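# Observations on the three-dimensional arrangement
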Amino acid sequence: MAAPQLDVRDPLEPAPLIDGRYDDKQINDSLLEHVWRGAGKGWWACFAVALSLLGMLVIALSWTLYKGIGVWGNNIPVGWAFGIINFVWWIGIGHAGTLISAILLLFQQKWRTSINRFAEAMTLFAVICALLFPLVHTGRPWFAAYWLLPYPSTNGIWPQFKSPLTWDVFAVTTYFTISLLFWFLGLVPDLAALRDSSQSKVKRVIYGMLAMGWRGSGRHFAEYKWSYVLLAGLSTPLVLSVHTIVSFDFATSVIPGWHTTIFPPYFVAGAVFSGFAMVMSWMIPARRFLGLKHVVTMKHLENMNKVMLVTGMFVSYGYLMEHFIAWYSGDPYEFAQFYYTRMRGPMAGVYWTMIFCNVVVPQIFWFKKWRTSIPVMWFASLLINVGMWCERFNIVVTSLHRDFLPSKWEDYAPTWVDLSLFAGTIGLFSTLFLLFLKFVPAVAVTEVKELRHELAHDPTVDAVGETH
Amino acid sequence: MSCDDNHEARTRDRDRRRRSLPIAGQAKASAKTYWTSAEDRARKGVPVGAANEFPGGTFDVKPGEEGTTRRGFMQVASLSTAMAAVGAACRKPPQKIVPFVNRPEEVTPGNPLHFATAYALDGYASGLLVESHEGRPTKIEGNPAHPQTLGATTAFEQNLVLSVYDDDRAKQIRAGARPLAWRTFLAEAAVRANTLAENRGAGLRFLTAPTTSPLLADLRRRVLERFPGAKFVSYASLADDGAAEGAKLAFGKPLVPRHKVASANVILSLDADFLGEGSEQTRLSREFAARREPSRQMSRLYVAEPALTVTGAMADHRLRLRGSEVGDFLTSLVSMLASRGLTALAPLASLTHGQRQWDPRWLVAVATDLERNRGNSLVIVGRRQPTAVHALAAALNAALGNLGNTVEFAAPLTSDTLAGAAPLAALAGDIAGGAVDTLVITAPNPVYGAPADLKFAKLLERVPNTIYHGLYEDETAAACKTIIPAAHPLESWSDLRATDGTVSIVQPLIAPLWGGVQEADVLAAFVGEGDVGAHALLKKFWQAQGKAPGDFEGNWERWLADGIVPGTATAAEAGLTVDGNALAQALTPMLAPNRQQGIEIAFAGDAKVYDGRFANSVWLQELPHPITKLTWDNAAMLSEKTAAALDVEDGDIVEISSRDRRIDAPVLRVPGHVDDCVTLPLGYGRAGAEKVAEGIGFNAGALRVSEAFWYDRGVTLAKTGRKVKFSITQDHWLMAPDGRDAPPPAVETSLAEVLDPKSHFHQEIEERRPNPEHPLPFIHKPVDYSGQQYKWAMAIDLNKCTGCSACVVACQSENNITTVGKENVRKGREMQWIRIDRYYTGTFADPEVVIQPLACVHCETAPCEYVCPVNATVHSDEGLNEMVYNRCIGTRYCSNNCPYKVRRFNYLNYVKDYTAARELGMNPDVTVRTRGIMEKCTYCVQRIERKRISTRIEGRAIQDGELETACQQGCPTRAIVFGSLNDSNSKVSQAHADPRRYDLLHEIGTRPRTVHLARVRNPNPELAVAAEGAAGPKGGHH
């Protein structure tokens, strides 16, 4: 890596957004380097692991489609389990990308620039993983594939618009479409850069086609900027709406533990919380192994930790209110759900794991020392991922397995297929992500260059980034 | 989609099989030959060739075309679709065919017919009506005209339409491995008979089940005429010999009691599960329920028993007693009553009784109640009790003046009075002595059911000729030389008597599917009439009886149609007296206290497989046991205290040793079980060739010996360290689990509370049902159904429901509900639409039980409906919550949002392994559900629609009572009523207006259409304090 010449610093924070001083070419070269560099041993090793997990997904999916949902651990009353837990978990993970890309863009948070591509890709892949489940968790996916869509069928039957599952279909497909467009639009200038720097004709043609004729003219940039902001505007409500609608799957029901008005904001906060944790879990190794430390700096990481602290507090507040309302409402079923079934029932371990990971662990980010410690934050982000999965398990399985009538209470245990599907989606996610790292730049090169120029010409910032 | 193709293929397959069935009235010969190949085909699982695929030129497909070209395939596929739509008439075969002009009278394709017949479990008849679709029996109902069933059934009887199509049934007459034709067998039997006749038949023995059949009795007489040296022996593994022997001691002649609980104000049941087993079960359930209406006339039930039974769960007061202590209790009761002025009991007052293990107040309360209700009280003793207890109870009933009112005694109607261990032991002695040359066995599986000390299988090796006539290739078939597959009761001509003597003619619903032979034919073979046929024998016999003066044919048809032969009831004995002194003398040695210490073993007939004969039934194996809710298993049942002393928990396998015999059995702790006793249900651990029964449970019979047929003392239990996992559908949940102060799911109260209109009960229950003055707050405006012609609703009276589970199987049969197997039950995926919830209150040791059957309650504002994304569950104008199977994509969201959790999901393709024969028994009015589909109670919508059609044709409305759901129809106690709430006089309207009515989970605002009526207990005020102390629902275990 080129030696730092000049610090370009953010006006508000002493920590730099771009560590060192580079010209455009240096940035270009350093950020495209991991694409042009041949796949190393490390990449192949990761890819092999990811592919084998993906293989598990294929086997588990095939077995499920061949035999039926009975190969999962679900029963009556636990009609939903791993399928829906994984769906909600993955959808939640996607939220970080949208938040970083769209909302932070609209708020002109400059620190988003280095991590947005990364986070957007994660959104996309997480939504792909999530989308798998609503389809395969149905008893007859071959019908679910199109009966859930509003099309004018000859027998005049439409989906039922009162059902939150129908809303889910709209919410999630919209989310996927917008995320894909947003990600791709941001990629276009970088694809052009890849086209221009590619060494082989095949690559030049492929990247050229994907770059859609980008020449970097002022007009291109003007149109690009407008559409980018427009898409950001479209995405912004999605950050709130998607998980709100997912939460309606539960909130509109009558089941104690589901029937809760706090769910929409609590789910959104949880989604951002888990999404940021997932970005951290991947970003920390990626910035090291891909040589991105100079653009993804401690400032980025620290900011992300702060977001996790805030959203973690939201989530904790959600837990608090759930328990408070369960007591305050005087509903004996809800009270039993929160104070007996969850805290002391057969699945209490999951509950306490959730409390530890989601309530206790983020509190360490109050302290700058830990907020800026790479091993601490990485480990914490992993724990938060676990905690958020446990939260969904608590909501979905623990609520269902003991509801109103004790005569139909059943325990739940996942089967190898459930575990393989979960591990398999992690494999799918990882595979897509590793391929992403191999074929497109992990950091939005154009935007970093732009940021460099912005910071360099900002009269409030001097040459070394010190604020006047 | 591929699913549709499969469906078409299945439809085609099924149509073909149905066309080829041996249906009564059609040519029999061709049917027989066909079935050989179908059976082959079903067993091997390979499709027969194209030429056989559409036999007899049913339609025109050239061989080779089908399956080889797309066009050929499409032709067949489209053809079968068309056939399914318009019947098989759209493409004429090239050969000349003759239309079905002279179709059998009364057969309209698509409309079922009902035939009266009868079935006997241990000799005595239950009159049935069998629904038949185009010659296939599909559903069993009780015959309302029959004095025993009164229109209801038991779970065993419902099971007949499954067992008749059981592919595991014995199918081939064989001698060893050599297949025989019936005529060959007859020829060989004739030769043997001639040889035997030379010796007056001295070496000939018949081992039969106890039967009341007049025809079989006549054949037996004729056999004995020809072979005076021959002997007939009856054996039933669950024989009820004590009653007849006891009556012999008490009254001087063997008589059997006929109970009439309808006239009993106070009932004391001593180890008698009269609501759950026995030949009077169905009738007694009805009579009992009729007296449980909460009024001053409500009867009171005391039960003393070792393990909770259906009857014990209905008790007002229940006493845990070991089986061997029942006699002690009864002698104490007798002496107490003798001291209170029942002078007839004075000679019996000094009989020894053991130390008192029971609450003395219980005894006093029972004695007082019995005395107060002289003439209207009843003491019932169960079949497990020894002769002495039966004799004493008979004397007690006589002294209380109950004879002729609540109990009558009549001459036994079975061919042999005794059918227990004693006659079988005598036969075993004959065999061991080498006196038996030919043994004909028509009893169901005696090798399995015989006491272990007889070593019956080994004994059979010493008999040169053993002929077994049985339904299955079971343990007995394996031990016998000649096997004759028995015709199923639904395939047979016979006659049977009910407990009151009324004769029913058993008529077949279907020609024998696998060439089964009827019992009458086997006996007739020994008088040279083996080829006459049971029908001819039966008709000839009844013609000779002279019961039908004049037009025999006309009378015969009326008997068949009605299901009973009028005027055949036998009178009870009148003027019976007990000689107290003689009885006391006889009883003194018999009642010598058995003070052998240790744990007592109690054998029990099983509520699901009976004595093992139903072990191959998937319906009954998967039926949750009425009390333990155990499926696909039996268990060594213990009290919590005994289990703790042995340091064992549920599922721990223990080695049980008794008299040098050992078995391994898993332990199940059961609330209400007596301490120091282990109950072992019989009928499991089968070792025959039946596939369903294979490997299920343990054979408790291996510990059973002739001299301790029901109870034995001094067994030891040792922990082995191994464990099994039970498939139990409901744990021992308390009514108020997890410390929640929610209203308990099932409402119960006492008679005093119900009768007092200002009581706490009436205030509380008011909050559990809609109150027009204080409606629940609600988002939606409730739909007004008053403009509809019908507003369907149901009510279930917990005060009548005994939890016998007949409704569960009736529903399963009516609605083609599949079974899922042991593993899937354990995972919580059982499919029965009716769940009989059983809640305990009080302590584990002495709980009270409330039974609450629950199926879909058809909420007016159903939480399942609004969450379905594809409109697969919707509401009908008449208030039915409907399931649209075709539209269901299986998100299971509806089930999640169902507060009652009464929806059932096809997690796997459970129906794919149905045999060709099994499919014949399906109800054609109800869709068979495939994998990935939700299902639940439909209020038997197919019955509603069928009745709607027939009444519309007649231009009238459906009358209250003429439409019954399957569960309602099967219910022995009439606990379930169904009808329209828009008819204010209907029974269901009255039930909905009952002060005991409550809506389960009313507070959620679901407005259920099925409501429950609270259970009422009628405790003796003298014992009420004790009962209340134990009735607190706040317990701590689960």
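See the structure shown above.
Basis of the calculations
Residues numbered from 1 in each chain as written. Chains lettered and ligands numbered in written order. Predicted model: local features only at pLDDT ≥ 70, side-chain atom pairs only at ≥ 80, totals over all residues. Heavy atoms only, no water. Buried < 20%, exposed > 50% of the residue type's maximum accessible area, 1.4 Å probe, protein only. Helix = DSSP H or I, 4+ residues; strand = E, 2+ residues; numbered from the N terminus. Contact = heavy atoms within 4.5 Å. Polar contact = N/O pair within 3.5 Å; in protein donor to acceptor, adjacent residues only side chain to side chain. Buried area = accessible area lost by both parts, 1.4 Å probe. Salt bridge = Lys/Arg side-chain N within 4 Å of Asp/Glu carboxyl O. Pairing = 2+ DSSP bridges. Patch = residues over 30% accessible without salt bridge, like charges linked within 9 Å, V, L, I, M, F, W, Y side chains within 5 Å. Areas by Shrake-Rupley, 256 points an atom, 1.4 Å probe, with all protein chains shown as cover. Axes fitted to C-alpha atoms, helices over the stretch in contact; angles between N-to-C directions. Parallel < 35°, antiparallel > 145°, perpendicular 65-115°, else oblique. Left-handed = near helix turned anticlockwise from the far one by under 90°. Nonpolar A, V, L, I, M, F, W, Y, C, P; charged D, E, K, R; others polar.

## Let's talk about helix 27 (residues 806-814) of chain B
The buried fraction of helix 27 of chain B is high, at nine of nine residues. Directly after helix 27 of chain B, the chain includes Asn816(B), whose backbone phi takes a positive value near 55°.

## Side note on helix 11 (residues 332-344) of chain A
Quick reminder: α-helices carry 3.6 residues per turn. Residues three or four places apart thus point the same way. Residues and elements named next belong to chain A. By the burial criterion, the buried members of helix 11 are Pro332, Tyr333, Glu334, Ala336, Gln337, Phe338, Tyr339, Thr341 and Arg342. In this structure, the buried side of helix 11 is in contact with helix 10 (298-328), helix 12 (348-360) and helix 14 (374-401). With a side-chain oxygen positioned 2.9 Å from the backbone nitrogen of Tyr333, the residue opening helix 11 is Asp331.

## Digging into the environment of Glu293(B)
Residues and elements named next belong to chain B. Mapping Glu293 onto the fold places it in the loop between helix 10 (281-290) and strand 10 (300-305). Taking the C-alpha atoms as reference points, Glu293 and Pro775, separated by 482 residues in sequence, lie 30 Å from one another. With near-sequence residues (within four places) excluded, Glu293 lies in contact with Met298, Lys800 and Arg996. Within polar-contact distance, the side chain of Glu293 engages the side chain of Lys800 at 3.0 Å.

## Details of unusual backbone geometry
The step from Ile76(A) to Pro77(A) runs through a cis peptide bond, and the omega angle for that step is 20°. Among the secondary structure elements, Pro77(A) is positioned in the loop between helix 2 (41-67) and helix 3 (82-106). Phi is positive for Asp676(B), which is not a glycine, with a value near 55°. Turning to its location among the elements, Asp676(B) is positioned in the loop between strand 23 (661-669) and strand 24 (677-681). Classification of Asp676(B) by relative accessible area gives partly exposed; the value is 38%.

## Structural notes on the interface of chain B and chain A
Taken together, the contact pairs 61 residues of chain B with 58 residues of chain A. Summing both sides of the interface, chain B and chain A together bury roughly 5,100 Å²; the carbon and sulfur share of this comes to 55%. Counting the contacts that link chain B with chain A gives two salt bridges. Counting every contact that joins chain B to chain A gives 38 residue pairs in polar contact (both at pLDDT 80 or more).

## A closer look at the sheet that holds strand 28 (residues 792-797) of chain B
All names here are of chain B. Reading across the sheet, the four strands line up as 35-28-37-36 and stay open at both edges, with mixed pairing between neighbours. If you trace the sheet from one side to the other, it starts and ends with strand 35 (976-980) and strand 36 (997-998), each paired once. Inspection of the sheet shows strand 36 paired to strand 37 (residues 1010-1013) by two bridges, in the antiparallel sense. Bridging across to strand 37, Tyr998 finds its partner in His1012.

## Some points on the environment of Glu120(A)
All names here are of chain A. Its location among the elements puts Glu120 in helix 4 (residues 116-136). The buried category is assigned to Glu120, whose relative accessible area is 4%. In sequence terms Glu120 and Leu132 are 12 residues apart; their C-alpha atoms lie 19 Å from each other. Ignoring any residue separated from it by four or fewer positions in sequence, one finds Glu120 in contact with Gly97, Ser101, Arg112, Phe182, Trp183 and Tyr228. Looking at Glu120, its side chain comes within polar contact range of the side chain of Tyr228, at 3.3 Å.

## Notes on the pattern of salt bridges
Where charged atoms from two side chains of opposite charge come close, those side chains can pair. Residue and element names in this part refer to chain B. Evaluated as defined, the whole model comprises 76 salt bridges over all chains. Between Arg283 and Glu287 there is a salt bridge whose closest N-O contact spans 3.0 Å. Note that Arg283 and Glu287 are positioned in helix 10 at a spacing of four residues, about one turn of the helix. By relative accessible area, which is 11% here, Arg283 ends up buried. With relative accessibility at 15%, the residue Glu287 sits in the buried group. One network of salt bridges, with partners in common, ties together Lys139, Glu141, Glu814 and Arg943.

## Quick word on a nonpolar patch on the surface
Taken together, the side chains of Ile59(A), Trp63(A), Tyr66(A) and Trp416(A) define a hydrophobic patch exposed on the protein surface, amounting to about 500 Å² of accessible area. Among the elements that line the nonpolar patch, the one with the most residues is helix 2 of chain A, at three residues.

## Points about the packing of helix 3 of chain A against helix 15 (residues 416-439) of chain A
Any two packed helices are characterised by the angle at which their axes cross and by the distance between the axes. Residues and elements named next belong to chain A. Two elements in contact, helix 3 and helix 15, have axes whose closest approach is 10 Å; the angle formed by their N-to-C orientations is 25°. In this view, helix 3 runs roughly parallel relative to helix 15, as classed from their interaxial angle. The element helix 3 and its partner helix 15 pack so that their crossing is right-handed. In this structure, helix 3 uses Phe82, Asn86, Trp89 and Trp90 to contact helix 15, whose residues at the interface are Asp418, Leu419, Phe422, Thr425, Ile426 and Phe429. Of the residues that constitute the contact of helix 3 with helix 15, the class distribution is seven nonpolar, two polar and one charged.

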